[in-house]
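Results of the structural survey
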Amino acid sequence: MIQSALSRPSPGRVWGRAAIGAAVLAGALLAGCSSTAPTTSSASPAGSAAASVSAGQPRIGADGCITGFDPDTDYFPVKSEITHATNFSISYHRSYQVLTVPQPTEGGAPESYVLVKCGAPTPELAGDLAGAQVVTTPVTSLYSGSTTHLPFLVELDQLDALTGVGTKGFISEKQVQDRVAEPDVVEFSATGTVDAEAVIAGKPQALITAGTDDPAYAVIKAAGIPVLANADWLENDPLGRAEYIKYFAALTGTEAQAAEAFASVQKTYEEIAATGQAADPVQVVPGQPFQGTWYIPGGESYTTRLIKDAGGTTAWADDTSTGSIATDLETVLAKAGTAPAWLASTTWTTKAQALAEEPRLAEFAAFQSGNVWNAAKDVTPAGGNNFYELGVARPDLVLGDLVAILHPDIAPGHESSFYLQLS
Amino acid sequence: MTARDLEVDGLTVGYPVRRGLVRADRVILRDVSLRASAGRITVLLGPNGAGKSTLLRSIAGLQHPLAGQVNLAGEPLAGLDPRTRATRLAVVLTERFDPGLLRGGDVVALGRFPHRQRTGSFTAQDRRAVDDGLAAVHAQDLADVMLARMSDGQRQRVMIARALAQSPGLLLLDEPSAFLDAPARVELLAVLRRIAAERAIPVVASTHDVEAAVQWGQDGWLIGPGATVSSGPVRTLASNGAIGAAFDTAEVAFDPGTGRFRLRGPAASDSGP
Amino acid sequence: MRSRPALVLGTLAVLTLATAVLAVGVGSVPIPPSTTLRFFTGGSVDPTAAVLLQQVRLPRAATAILAGAGLAVAGLLMQTLFANPLADPFILGVSSGASLGVAVAVLGGGTLAGGFVAGLGLTGRAGLVTAAALGALAVLLLVLLLGRWVRSVVALLLIGVMIGSATTALVSLLLVFSDPDRIQKYVIWGLGSVSGTTWPDLAFLAPAVLLGIVLAAWIAPSLNAMLLGETYAASMGVAVGRVRTAGIVATAVMAGAVTAFCGPIAFVGIAVPHLARMTVGRADHRALVPASALMGAVVLQLCAVIAQLPGADAVLPLNVVTAAIGAPVVIGALLRSRTLAAGAAS
C-alpha cells in the first residue's frame, strides 16, 4: 500500500530528517544570536552609558532607517543617561525619543520634542505631547544657532549634518571653518537677527537655537521647520554644559560615542579639580566693569563653579544666585582689591586697554602684580571666541588653564588653551 | 411779547464748588428774570467781570445754571438733549481755533451738524440753510476762501453765518464786536438787527461798547452794581441813569444826553471838538 | 473740487495694492516675479517658494498694511481730539505702557512682576505680545479714569504725557538691574519690525485695527465739528465726552495692538495725517480717515521694503527707515504747502 508506506517512513529516514532539522535550527539560532550580540560598550566608570539588549531583531536598512517596523522592538540599543545636565532630558519609547527642555529660554515654559527613528510611524501624541514638534532621526541636515554646538558635532563625527550656522565669522575651530566654507552651508544670522527666509529656503530638518528667543522662530515654525531649543547657557555645572554632547547624540543616533567622549572629559575634569582643590583657595577678582557697572558672577554661576573647582574663590562665593550681581567699582575694590589673581571675560589683550576703559583698575593688587588673565587667547577676527566654542565642550581644558593660573606651582609649563595674561 | 421770545425765569448762575462734603457754590448772578423779544436785538451790558459771559453760557446750556429756568418759545431748554438744543439755539463765542484747512463754506456747513442724518449726506434743505446764512451776513464770496487768509471781520461774519445755518430759534453772541474796528462794530449791530427782524427770532449780544449799544441797540439787559440786573429799552436804561450807575467811576461818567462817556473834573473842559 | 477726495482715495487704494505686491516680491531669498505671479493665480509653484510666500511674505505685507493704517488713523484722531499737530498715537502713553509690559516680561525675569508673567507660562513671543497689550490696556484705563475727573482736554494731554514719562522711568529702572543680554533683547524689540508676525497673530491684529478704523469713521462727522473747538462742538450738539472716549479707545486699541506685535513704530502716526491733509486738501474727516489709513499702509509698506535692503545682505531696523525717510519728506512737503503759507499770512 502506497499510503501506508508514506505515512510511516523508515527509521533511517526519520533520523536523517531530525538531523537536518536540528542543524537548521542550530544554524538559525547561531545566526540570530550573532546579530543580537551586545555591542561592546566602552570601559567606563559608573554612571556613563547603560547598554541594553533588544529582545527581537530590529531590521535596519543600510541608511540607518527601520525597514520592517515591529512595535515591540526597542530600536535604541544604546541609551544616554544624563547625569550632570539639568536643562534637558531624554526618555526612550522603543521607536522614538522624547527630548524635553525645561527652560527653552530663560523663564520659558518647558518644551518637548518627539524624535522618531526613520522608518517608524509617527506615534499618537496626546496629553503633554499634543502639538509637540516632531523630528525624524538620524538628522542629516541641521542648522546651528550657537558655536557651543559645533565641537559636539566634530566629536561625534557628524559635521556633514551641519548645513547652516548663525554667523560664520564667529567659528574658531579649523575643522568647522572648513566645513562651513563649503557651498552647501548657509549663514542665516549674518546681521545678528535670524533671517527666516534663508532658513525656510534651506529646509533643514531642524534648527537648534542658542536658548534665546528671536521673532523669526515663530515664522520658521509656522513654515513647518522644527525649532529645537538648546539652552546650555542656563546650566551652571561646567560638566552639565559638556554633557550636551548627548543632546546631539539623540539627534544623530551616536549615543555610544557620546557616552565615551563625555566619560573621558568627566574623568579628566575630576582629576584636575582634585589637584586644584588640594591646595589653598586663591582669591580671584572676577569679571570687569562696563560703563560704571560691574557684573559679578553669582556664587552658584558657571564661572564661579569653574573658579571653585580650580582651587580659587571669590568674595561672593557664598552668594546663592546663578546669574550676575550688578555692583559698582567701589564695592569690588573693597571686597577684592587685595585678591592676587584676576580673571576677566572681555576683549582686552593689554593692560593699557584695561586702563583706557577704567583708570582706577590700577588700584587692584592683581593689576599691579600683572596677574590679570583674560579668556581671549583664541579669538577670530569677527569676534568669535573659542572659549565659547571648544571651551564649553571641554571644561577640562578650561579647568586646566585655571589651575595653572591660580596654582602655577602645580602645573608648571602648562600651555594655555584659552587664557592669556594681559601684557 | 411774542410766542417765540426767550424767557429767563429766576435764574441763578455761577460755579458749583465742593469743599469737602459741603457745597459752597460761587454765585455770580442771583434770581434773574429777563425776557428777550423775538424780532429784536437785546444787548447785554455790564462792567468787566460782571457775569455777562456766565449768563450767556448758562442760557446757551454750555454750563449748568445753579437754579431757575430758561424757556424759549414756551419750551424749557433745560431738559433737552444737546443735539435737540442745538436745533433751538446757536452761539457765536470769543473762542478761537486753529483754522487749518477750513474754508468759509466748510465752517458754515458745519452749522448743519445737529440737523444731519446719521449718514451725513447734505440735503437740499441743508444747502439752502447754508446759502441763507452766508447771504444774511453778505459773505457769499467768502465761501471758498481759506479761513486762515481771512481778516478778523470776515472770520466773524463767517462764524455768524455758521450760527445762522443752524436754523436756530435764538441767537446768542458773546462779545461779537471785540476784535472789530468802529465802523465794523456799527455795521455788525445793524446786521444783527436785520437778522432778528427777518427771522423773527430773539438775538442777544453782549458787548463792551456801551456807546454803540445805546445808539444802535433796541432792548437791553444791564448788570449793575451789586449784581443786580435791570432790563428795558436800552435808551431808557441810558436816560434813567441805570447805565451811569453801572459804569461810572471816579474819573469817568456816562452822559445820558449824548449817550457817551466823559471825563469828570477840570480836564472835562478839554473834551469835545 | 468735490471729486478731489474721491480721486485721492482711489489713487491711494491702487497704491496700497501696488506696494503690497512689491513687498511680496522682495525678500532675502530671491523669488522670480513669474513664480510670485503663478502663486497668486493658482498655478503650481515650487513648495519652498510657496511656503516662503505664504508664511513669510504675505503676513509681512499684511502686517505693514494693518500697522500703517492703524497708526495713521490713530495719529489723526489724537491730532484732532487734542487740537495739536504734533500729537501722535503714543501721546497718551499707550506705547509707553506697551513698552513697560514688554520690559517687565523681558527684563523683569527675577522680579515679582516678571515672575508673574513667566509663571503664566507666557514668555517667548506670545508672552511678549500679551505683556505689551496688557501694558497698553492698563495705561488706557488709567487715562480714561483720570479723564472723567478732568474737564480740559489740555489737562488730559498732560496726564497722558506724564503717564508716559512715568512708565519710561520704570522701564529705565528695569534696564538698570538687567544684564546686557536681556537689555539687548529689549532694545531690539524697540527697533520695530513687521517681519515677526504669523497668520494666527494677524487674527488678533486685523480685528483690532479694523475696529479702530470703523470707530474713527463712525465719529468722523463729530470730529469735523470738533475742529472748531470743544465749546463750539458742544454748542452744536456733539457729545464731546463720548467722542473723546471713543477716540481714545480707538487709538489705544490700534496703537496698543500694533505696538504689541510690531514694537513701537515711530513717525508714521505723526506724519501721515499731515500728508493726508495736504493731499486731500480738505479738513473733512470722512475723507481723512480712509485717506490716512491707505496712506499709512503705503508709507509703512515702502519703509519695510527699503528696510529689507534688497540686494544687500544686511537688514535695517524699521524705525531707522521710517524716521530717516519720512522726516525729510514731511519737512519738505510742509515747507512747500499752502497751509504754511496761509498760516504765515494771517
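Predicted, not measured: the structure shown is a model, and the values here were computed from it.

A few words on the overall build of chain C. Of the regular secondary structure elements, chain C holds 16 helices and 0 strands. Against the globule reference of 20 Å for 346 residues, chain C gives a C-alpha radius of gyration of 21 Å, in line with a compact fold. Judged by the C-alpha coordinates and their principal axes, chain C covers about 65 × 55 × 35 Å. Expressed as a percentage of its 346 residues, the buried residues of chain C come to 55%. Sequence separation of at least 24 residues holds for 78% of the intrachain contacts in chain C that already meet a minimum separation of 6.

The secondary structure content of chain B amounts to 9 helices and 14 strands. Seen through its C-alpha atoms, chain B measures out along the principal axes to roughly 65 × 55 × 40 Å. Looking at the 273 residues of chain B, the share that counts as buried comes to 43%. For chain B, long-range pairs separated by at least 24 residues make up 66% of all intrachain contacts whose partners lie at least 6 apart in sequence.

All names here are of chain A. Within the fold, Ile225 resides in the loop between α6 (215-222) and β11 (227-228). Sequence spacing of Ile225 and Ile200 is 25 residues, and the spatial spacing of their C-alpha atoms is 7.2 Å. Contacts of Ile225, omitting those with residues within four sequence positions, involve Val199, Ile200, Lys203, Pro204, Leu207 and Ile220.

What follows deals with the sheet that holds strand β16 (residues 324-328) of chain A. By definition, the strands of a sheet pair up through backbone hydrogen bonds, in either a parallel or an antiparallel sense. All names here are of chain A. If you walk across this open sheet you meet the 3 strands as β13-β14-β16, and the pairing is antiparallel. Each having just a single partner strand, β13 (289-290) and β16 make up the two edges of the open sheet. The pairing of β13 with strand β14 (residues 293-297) spans 2 bridges and is antiparallel. Within β14, the position partnered with Phe290 by the bridge is Thr293. Lying over the sheet, helix α11 (residues 329-336) contacts β13, β14 and β16, oriented at roughly 100° with respect to β16.

Right, let's talk about the domain arrangement of chain B for a bit. Residue and element names in this part refer to chain B. Domain boundaries assigned for chain B yield domain 1 (1-73 + 169-245) and domain 2 (98-168). For domain 1 versus domain 2, the separation of C-alpha centres amounts to 25 Å. The greatest single-element share of the side of domain 1 that touches domain 2, amounting to 3 residues, is contributed by helix α6 (residues 182-199).

So, about the interface of chain C and chain B. Contacts between the two partners involve 24 residues from chain C and, on the opposite side, 24 residues from chain B. Listed by contribution, the elements that provide at least two residues to the side of chain C that touches chain B are α10 (220-226), α11 (230-235) and α16 (338-345) of chain C. Looking at side-chain class alone, the side of chain C that touches chain B contains 12 nonpolar, 9 polar and 3 charged residues.

Now for the packing of helix α4 (residues 94-107) of chain C against helix α12 (residues 240-262) of chain C. Residues and elements named next belong to chain C. For the pair α4 and α12, the least separation of the axes is 9 Å and the interaxial angle reads 40°. Seen along the crossing, α4 lies across α12 with a hand that is right-handed. Judged by residue contacts, Val94, Ser95 and Ala98 of α4 engage Thr251, Ala252, Ala255, Gly256, Thr259 and Ala260 from α12. By residue class, the composition of the contact of α4 with α12 is 5 nonpolar, 4 polar and no charged.

Residues and elements named next belong to chain C. On average, residues of chain C score 84 in pLDDT, and 90% of them are at 70 or above. Within chain C, helix α14 (residues 285-307) carries the highest mean pLDDT (95), whereas α16 carries the lowest (49). This prediction of the complex comes with two scores: 0.79 for pTM and 0.90 for ipTM.

Residues and elements named next belong to chain C. Compared with the 33 Å implied by 1.5 Å per residue over 23 residues, the 32 Å span of α12 between its first and last C-alpha is a close match. With 17 of its 23 residues buried, α12 lies for the most part within the structure. One or two steps after α12, the chain reaches Gly263, where phi turns positive at roughly 80°.

Contact with chain A, which involves 27 residues of that partner, is made by 23 residues of chain C. Here the residues of the side of chain A that touches chain C are counted per class, giving 14 nonpolar, 8 polar and 5 charged.

Let us look at the pairing of strand β17 (residues 341-344) of chain A. All names here are of chain A. With 3 bridges joining them, strand β12 (residues 282-286) and β17 adopt parallel strand pairing. Within the sheet, the bridge partner assigned to Val284 lies in β17 and is Ala341. Strand direction decides the pairing type here: β17 and strand β18 (residues 372-374), joined by 3 bridges, are parallel. Among the inter-strand pairings, Trp342 is bridged to a residue of β18, identified as Val372.

Attention shifts here to unusual backbone geometry. In this chain, A:Thr137 is followed by A:Pro138 through a cis amide linkage whose omega measures -5°. With respect to the secondary-structure elements, A:Pro138 resides in the loop between β6 (133-137) and β7 (142-144). With phi around 55°, B:His138 is a residue other than glycine that occupies positive phi space. Here B:His138 lies in the loop between α4 (124-136) and α5 (152-165). In this structure, B:Ala200 is a non-glycine residue whose phi angle is positive, near 55°. Relative to the helices and strands, B:Ala200 resides in the loop between α6 and β10 (203-206). According to the C-beta neighbour criterion, B:Ala200 is exposed, with 12 such atoms within 10 Å.

The 5 strands lie next to each other as β9-β8-β7-β10-β11 (chain A), forming an open sheet whose pairing is parallel. In this open sheet, the two edge strands, each paired with only one partner strand, are β9 (186-187) and β11 of chain A.

The next thing to look at is the nonpolar core. Where a protein is soluble and globular, its nonpolar side chains tend to be buried together. Grouped together as the largest cluster of nonpolar side chains are 293 residues, with contacts concentrated most on A:Ile220, A:Ile245 and C:Val73. At 18 residues, helix α3 (residues 47-81) of chain C tops the list of elements feeding residues into this core.

So, on to the environment of C:Leu66. Residue and element names in this part refer to chain C. Turning to its location among the elements, Leu66 is positioned in helix α3. Expressed as a C-alpha distance, the spacing of Leu66 and Leu318, which sit 252 residues apart in the sequence, is 15 Å. Beyond its immediate chain neighbours, meaning those up to four positions away, Leu66 contacts Leu205, Ala206 and Val209.

Turning our attention to the pairing of strand β8 (residues 89-92) of chain B. Residues and elements named next belong to chain B. Residues Leu89 and Val91 line one face of β8 and the alternating positions Ala90 and Val92 line the opposite face, and both faces are buried. In this structure, β8 lies alongside strand β9 (residues 170-174), joined through 4 bridges in parallel fashion. In the strand pairing of β9, Val92 is matched with Leu173.

The next point concerns the packing of α3(C) against α14(C). All names here are of chain C. In contact at an axis separation of 7 Å, α3 and α14 are set at 135° when each is read in the N-to-C sense. The pairing of α3 with α14 is recorded here as oblique in orientation. Like other packed secondary-structure pairs, α3 and α14 cross with a definite hand, here right-handed. Residue-level contacts link Arg60, Ala61, Ala64, Ile65, Ala67, Gly68, Ala69, Leu71, Ala72, Val73, Leu76 and Thr80 of α3 to His285, Leu288, Val289, Ser292, Ala293, Met295, Gly296, Ala297, Val299, Leu300, Gln301 and Ala304 of α14. Taken together, the residues that form the contact of α3 with α14 break down as 17 nonpolar, 6 polar and 1 charged.

About the criteria used
- Residues numbered from 1 in each chain as written.
- Chains lettered and ligands numbered in written order.
- Predicted model: local features only at pLDDT ≥ 70, side-chain atom pairs only at ≥ 80, totals over all residues.
- Helix = DSSP H or I, 4+ residues; strand = E, 2+ residues; numbered from the N terminus.
- Rg over C-alpha atoms; globule rule 2.2 N^0.38 Å.
- Buried ≥ 20, exposed ≤ 12 C-beta atoms within 10 Å, placed from the backbone.
- Contact = placed C-beta atoms within 7 Å.
- Pairing = 2+ DSSP bridges.
- Axes fitted to C-alpha atoms, helices over the stretch in contact; angles between N-to-C directions.
- Domains from an automatic or database assignment.
- Nonpolar A, V, L, I, M, F, W, Y, C, P; charged D, E, K, R; others polar.
- Left-handed = near helix turned anticlockwise from the far one by under 90°.
- pLDDT = per-residue confidence, 0-100.
- Expected span 1.5 Å × (residues − 1).
- Core = buried A, V, L, I, M, F, W, Y, C linked by C-beta atoms within 7 Å.
- Parallel < 35°, antiparallel > 145°, perpendicular 65-115°, else oblique.

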